[in-house]
Amino acid sequence: MKRRIFLILILLLALDCATEARRRPVIGISTGCSPADYSKVRRTYGDAILRAGGIPFLLPQVNDMDEALAVVSRLDGIVFTGGEDVDPVRYGQSVLNETVSINHHRDTLDFLYAEAAFRKQLPILAICRGEQLINIALGGSLYQDLPAQMPSNVKHRQEVSGEIPTHLCIVSRNTLLYDIMGADTLKVNSHHHQAVSEPSSKVTVSGRSEDGIVEAFEIVSRKQWLLAVQFHPEVLVRVDDRWLALFKAFVKAAR
């Protein structure tokens, strides 16, 4: 009898653990694809999602909107990651200069997934290229090359490790970013030469660098949760646990 009770308790514990695992939101992570037959992304994104209580899932390469919607319908949230420049034709411009590096295949995939995520009203966390991609998808535009178009004393493409924050992000009060991080200023890292020029009319800018460049924007409504940042919190969280709050807020929104 005691053995039977013990086995039942073990079974109940296993079932409880399985249920708990199922409760962890599944978070899609966009990937690079160069060459096109390969998908890859830095593990820092998945590590941050795991630490925040989510299950990371690398987005597969799809061929059309139907396939993108089929993938997204099985997710609880989606992260758009860093990478190459978005083709400026998507915001009505031609290529400015030789610094603009485009991956057309990845653009196609990311815009399919962005539209699918909005259709399904999935929570979205967009990082670096991801922020720029979402701004374009919502009707905004970019500076194609900050050194050429917006010269500044702020170094937006730092030469040191991404684990070292190098400039300030000034956070607006009464915003999601402020509520999450609880600070008027954040010391952030910076690895980009492009940035939001005209923010979409559908978003609220919640953070800017000292020279006025958009560092964060958001949408918080009954229908959509979105936070986009120009910096790389998935790297900063490796050395500063305070950044985990951002990923926990995202994973919570995906539950």
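Residues numbered from 1 in each chain as written. Predicted model: local features only at pLDDT ≥ 70, side-chain atom pairs only at ≥ 80, totals over all residues. Heavy atoms only, no water.

So, unusual backbone geometry
In step 1: One non-glycine residue with positive phi stands out, namely Q121, at about 55 degrees.
In step 2: The residue Q121 is located in the loop between α4 (104-119) and β4 (124-127) in this model.
In step 3: You will see that C128, though not glycine, has its phi angle at about 55 degrees, which is positive.
In step 4: Its location among the elements puts C128 in the loop between β4 and α5 (129-137).
In step 5: Residue C128 is classed as buried on the basis of its relative accessible area, which comes to 6%. (Helix = DSSP H or I, 4+ residues; strand = E, 2+ residues; numbered from the N terminus. Buried < 20%, exposed > 50% of the residue type's maximum accessible area, 1.4 Å probe, protein only.)

Description of helix α9 (residues 244-253)
In step 1: Considered for burial, the residues of α9 that qualify are L244, L246, F247, F250 and V251. In an axial view of α9, the angular spread of the buried residues amounts to 155 degrees, which keeps them on one side of the axis. (Arc of directions from axis to C-beta.)

Description of the pattern of salt bridges
In step 1: Counted according to the given criterion, the structure contains 11 salt bridges.
In step 2: Measuring nitrogen to oxygen at the nearest pair gives 2.9 Å for the salt bridge that ties D184 to R173. Taken together, the positions of D184 in the loop between α7 (176-181) and β7 (185-188) and R173 in the loop between β6 (167-171) and α7 put the pair 11 residues apart, joining distant regions of the chain.
In step 3: The exposure class assigned to R173 is exposed, which follows from its relative accessible area of 52%.
In step 4: Across the pair R242 and D240 runs a salt bridge, and its minimum N-O distance is 2.7 Å.
In step 5: The class for R242 is exposed, based on a relative accessible area of 63%. (Salt bridge = Lys/Arg side-chain N within 4 Å of Asp/Glu carboxyl O.)

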